[in-house]
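Letter by letter, the chains look like this.
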Amino acid sequence: MPKKGKKKSGKLSRMSEEERLIYMQQKMLAEEEQNKKKEDMLMQFLKDKLSKEESCSIINLNKLNVQWRSVLREVKTKELQKDIEILSQTFERVVDCKDSVIKSLAKDVEESEEQYTHALRSHLQNIDQLLELQRERIALLKEEYQQELDAVQKEFETERKMIIEHMETEASYLQNVILAMEQNITEAESESKMEFQNMRDEIKNKNLEEKHALRLLLEGSVEDLWKQFQLALKNYTDSTDDRRIAYEALKAKDEKSALEIEMQMKKLQKIQDSIASLKNKISVHARESEEQNRRLREKKEVMLKQFQKLKSQMNQARSSEHSRLATLTVQSNATLKELQRIINKGESILRVAEMCRKLETEEEKVLPFYPSSLSAEEMEAVEKVSMAKPSEQLALLMQDYIALDQFWKRYNKVLLEQCALEREKTLLTQDNQNLRIMLKQYLDGISVSEEVLSQENPLLILNNRISLQHKIPPQIPVTETRVRRPVHNVIEAAHVVSHTL
């Protein structure tokens, strides 16, 4: 080895710095490669080992699962067999209960059918009686109606005859009056016609005479006037030709302007009429608008009052509804809490019932209800009383809790057993106390100590009298070593229930 080291050192000493560095780097790289190969081999070995361990663990886990499942199946089968036995017993008990309920219901159905037939028979009898009364009443009403109809017909006939007779007398009187008036009118008309004819003839003759005389006078004067008129007309036409032409032009112009004036007057009249109608309409509309405004103001005041009233009512209703909503919310929350408490209590009761069910004996499972001590007659009386409809308020409320009779039977049975056990416990505690007293007396009698001598002792005799007095038993402390009861570890049921439920 030292020779090698010397060779290496000599070799390194013969190398230059660069060669030495290259040599050292190659050496380090070779060492790193060797270390890496070793690490890879170690990692591969560990991976193989890990895979083998995993496969073995999987196989062992499967074996454990198979064995554990077989154990669980056996335990579960035993539990299921017990549950099936319990369920079969409960099923038989429930079937017996259902059979008894079915029998009682069939009996109730028969009784109700009898009651129904009896009620139907009485109802049909009442309906027949009512129909008979109704027929008699209708017959009496028909007789009264016929009598009243005959009386009304007789009155109508008598009044009709009187009216016809009165009408005939009046008609004959009016005909006579009409004939007399026609005769008077014809006589007066003939007289007036004769007078009118005479006067007309006289006036006609006078007019003819005057007309003839005037015609003669007028013919001479008309001829003279015609001649004068012709001369004047000729002179006038000669002197007024120019004026006539101007007059015709002015006349045409005047007619045209008259037509325009007439048209303008018509327009003015129409405008004045329209103005007057519009004024009337305006006044009418003003009156109507004032009246309408007055009515609208009244309606507005009424509506405002109604609005204020409705607003106050709405505010009151809103406040009342708000208060009701608040009370309802509070009550609903309280109700929800109470219902949740009842649900929790019911669930705890069911869990406790399941636990108690496991602790029941075979007799309690088969016959959960104690047999009734009443006789058959008393049972019939109780059933009649229960079938009768109650009249008092408390009895009506008790009808809602009839379904809890079976529960109260079991509860009363348990309560009676509890009372009996408590009574037996008191008797046993008294017996135990008496036994302790007797044991203490016996131990005091057979032992001699300062404590025993300081107390009353049956062995100590003074003046031929035993100092033991039987009237007042000595009070023995419970912690006395001679009479102290053995201590047992006891776990309260409440603690068990609170941790199991």
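All figures in this text were calculated on a predicted structure; none of them were measured in a lab.

Rules behind the numbers
Residues numbered from 1 in each chain as written. Predicted model: local features only at pLDDT ≥ 70, side-chain atom pairs only at ≥ 80, totals over all residues. Heavy atoms only, no water. Helix = DSSP H or I, 4+ residues; strand = E, 2+ residues; numbered from the N terminus. Buried < 20%, exposed > 50% of the residue type's maximum accessible area, 1.4 Å probe, protein only. Areas by Shrake-Rupley, 256 points an atom, 1.4 Å probe, with all protein chains shown as cover. UniProt positions renumbered as here; feature names shortened; annotations may be inferred. Salt bridge = Lys/Arg side-chain N within 4 Å of Asp/Glu carboxyl O. pLDDT = per-residue confidence, 0-100. Contact = heavy atoms within 4.5 Å. Polar contact = N/O pair within 3.5 Å; in protein donor to acceptor, adjacent residues only side chain to side chain. Patch = residues over 30% accessible without salt bridge, like charges linked within 9 Å, V, L, I, M, F, W, Y side chains within 5 Å.

**Considering the overall build of the protein chain**
Thought 1: The helix and strand inventory of the protein chain stands at 9 helices and 2 strands.
Thought 2: Mapped from its N terminus to its C terminus, the protein chain presents α and β elements in the order α-α-α-α-α-α-α-α-β-β-α.
Thought 3: Expressed as a percentage of the 501 residues in the protein chain, the buried residues total 5%.
Thought 4: Accessible surface computed for the protein chain: about 46600 Å², of which carbon and sulfur atoms make up 60%.

**Side note on the UniProt feature "coiled-coil region" (unreviewed entry) in the protein chain**
Thought 1: The feature "coiled-coil region" (unreviewed entry), as annotated in UniProt, sits at residues 124-162 and 261-313 in this numbering.
Thought 2: Counting secondary structure, residues 124-162 comes out at 100% helix and 0% strand; the distance between its end C-alpha atoms is 57 Å.

**Examining the pattern of salt bridges**
Thought 1: Under the counting rule described, the total for this entry stands at 6 salt bridges.
Thought 2: With a shortest N-O distance of 3.7 Å, R135 and E132 are connected by a salt bridge. With R135 and E132 both in helix α2 (residues 17-239) and 3 residues apart, the pair spans about one turn of that helix.
Thought 3: Among the residues examined, R135 registers a relative accessible area of 51% and is labelled exposed.

**Focus: the confidence of the model for the protein chain**
Thought 1: On average, residues of the protein chain score 77 in pLDDT, and 80% of them reach the 70 mark or higher.
Thought 2: Within the protein chain, the element-level pLDDT minimum falls on helix α9 (residues 493-500), averaging 46, and the maximum on helix α7 (residues 405-446), averaging 84.
Thought 3: This stretch, residues 461-479, has a pLDDT under 50; its non-local contacts, to residues over four places away or in other chains, come to 23 contacts.
Thought 4: Long-range and interchain partners of residues 482-501, a stretch whose pLDDT sits below 50, account for 21 contacts in this model, where long-range means more than four residues apart.

**Here we look at the side chain of T90**
Thought 1: Within the secondary structure layout, T90 lies in helix α2.
Thought 2: The class of T90 is buried, set by a relative accessible area of 14%.
Thought 3: Engagement of the side chain of T90 in a polar contact is seen with the backbone oxygen of L87, the distance being 2.7 Å.

**Quick notes on a nonpolar patch on the surface**
Thought 1: A surface patch of nonpolar side chains, about 450 Å² in accessible area, is lined by Y116, L120, L124, I127 and L131.
Thought 2: Tracing the backbone through its elements, the reader meets Y116 in helix α2.

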